[in-house]
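# Notes for the structure review
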Amino acid sequence: MEDSILLEVKDLKTFFHTEEGIVRAVNGVSYTLKEGETLGIVGESGCGKSVSSYSVMGLVEMPPGRIHGGEILFRGKDLLKMNDREISAVRGRHMAMIFQEPMTALNPIMTCGDQIREALRIHTRLTKTEQDARILGLLKEVGIPAPEKRMNAYPHELSGGMRQRVMIAIALSCSPSLLIADEPTTALDVTIQAQILELMKELQKKHGMAIILITHDLAVVAESVDRVAVMYAGEIVENAPVREIYRNPKHPYTQALLQSIPELGKRDKKIEAIPGRVPNLMEDIPGCPFANRCKRAMDICRSEKPELKPVGEDHLCRCLLYNDGSDNTR
Ligand SMILES: Nc1ncnc2c1ncn2[C@@H]1O[C@H](COP(=O)(O)OP(=O)(O)O)[C@@H](O)[C@H]1O
Ligand code: SF4
Ligand SMILES: [Mg+2]
């Protein structure tokens, strides 16, 4: 079971049609996720991390968004080809998502317990008494102290960390096979961040679900994921097991991201430290989108588009340095 593929995204393109032009937010993204695996999607703000996951969850606002191509295979079935009923059976029952700011995702005028109840009503056939027991069980499971009291609390009465735990409890209520966490700890302070990541790891072990952890902070994924996909300007530029990414980063963008973490475990410096900016996704860039910031850019990089190619075992990279198959590591 562990080695079977849960999710396969193939050449996904999600664009936004705005008055100013077409924003190529996700421009040919491919990756696979095995059952029970954790994938970190990393990259600076504006690289398409959220939109690529919203596309999987069916949460892209259309219009202005539109899927321009690709496949999203969940256990072999293409979500993009399903009718509404089939889709909600998969997306509602097997996938769940948590967000950066639980306050906006939670209903402010409903108690935490009732919000979990709402999810249980949709996903299970439990009686009211069974629901009560399950709500308490879920709150306990996500580490909320005095759950009997907290189930009657409104979101604003809880701390940010506790709210995120409630969001996780809601996500768990349908026993998903895939949990997508979009910057789940970005709004929290460092100690609480570590606790939430630890909780997600525990729950994953217990429930065997796969997780996509989206973050702009490469330090966050170091201890939390099996694989890393690095995104830049709507594309995946590197994809490898997490150890390989840290020991043997190939893409100049990944190398720059890693260099901007002073010491693993210390997060006082953010990846914005890379000089220059993410390009405007409305422009159709002829060559490599990273060329204007890349320390190793060559002339050819401004005219030729690099493709995602193997640069080692189970290691993909999108960079013209490796085009001839040689290992131009540094
Ligand atoms: N509703 C929208 N309309 C137009 N552009 C959008 C919309 N949502 C996202 N985008 C654009 O898509 C790009 C990718 O955004 P996003 O996936 O949120 O980035 P990330 O999560 O990596 O920070 C950005 O350029 C963003 O401005
Ligand atoms: S293709 Fe060229 S510009 Fe792009 S990352 Fe590689 S070396 Fe840098
Ligand atoms: Mg985002």
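Because the structure is predicted, anything quoted here is derived from the model rather than measured. (Residues numbered from 1 in each chain as written. Chains lettered and ligands numbered in written order. Predicted model: local features only at pLDDT ≥ 70, side-chain atom pairs only at ≥ 80, totals over all residues.)

## As for the site of ligand 1
As a reminder of what qualifies: Residue proximity rests on one test: whether the C-beta atom, placed from the backbone, lies within 6 Å of the molecule or strand. Under the DSSP-based scheme used, a helix requires at least four consecutive residues in state H or I and a strand at least two consecutive residues in state E, with every element numbered from the N terminus. In the scheme used here, Gly and all other residues not listed as nonpolar or charged are polar, with Ala, Val, Leu, Ile, Met, Phe, Trp, Tyr, Cys and Pro taken as nonpolar and Asp, Glu, Lys and Arg as charged.
Taken together, the neighbourhood of ligand 1 is formed by 15 residues, with Phe16, Ala25, Lys49, Ser50 and Val51 sitting nearest. Listing elements by their share of the shell around ligand 1, those giving two or more residues are β2 (22-34) and α1 (49-57). At 3 residues, the largest contribution of residues to the shell around ligand 1 is made by α1. Classifying every residue of the shell around ligand 1 gives 7 nonpolar, 6 polar and 2 charged.

## A look at the packing of helix α7 (residues 160-172) against helix α8 (residues 190-207)
Note the cut-off: Angles run from 0 to 180 degrees between N-to-C directions of axes, and those axes are lines fitted to C-alpha atoms, restricted for helices to the stretch in contact. Here roughly perpendicular refers to angles of 65 to 115 degrees, roughly parallel to angles under 35, roughly antiparallel to angles over 145, and oblique to all remaining angles. Crossings are classed by handedness, with left-handed meaning an anticlockwise turn of the near helix from the far one by less than a right angle and right-handed meaning a clockwise turn. Here, residue contact means that the backbone-derived C-beta atoms of the two residues sit within 7 Å.
Between α7 and α8, the shortest axis-to-axis distance is 10 Å and the interhelical angle comes to 15°. Taken together, α7 and α8 sit at an angle that is classed as roughly parallel. Classified by chirality, the crossing of α8 by α7 is right-handed. Touching Gly160, Gly161, Gln164, Ile168 and Leu172 of α7 are Ile192, Gln195, Ile196, Leu199 and Leu203, all from α8. Grouping the constituent residues of the contact of α7 with α8 by class yields 6 nonpolar, 4 polar and no charged.

## Some remarks on the sheet that holds strand β3 (residues 38-42)
To be explicit about the condition: We treat two strands as partners when DSSP finds at least two bridges between them.
Strand order in the open sheet formed by 8 strands is β6-β7-β8-β3-β9-β10-β12-β11, with mixed pairing between adjacent strands. Single-partner strands in this sheet number two, and they are β6 (95-98) and β11 (308-312). Neighbour-to-neighbour, the strand axes of the sheet open up by a mean angle of 20°, direction not taken into account. With 5 bridges connecting them, strand β7 (residues 178-182) and strand β8 (residues 210-215) associate as parallel partners. Residue pairing in the sheet places Ile180 in a bridge with Ile212 of β8.

## Here we look at the site of ligand 2
Near ligand 2 you find 14 residues, and of these Cys288, Cys294, Cys301, Cys319 and Leu320 are the closest. Here the shell around ligand 2 is composed, by residue class, of 12 nonpolar, 1 polar and 1 charged.

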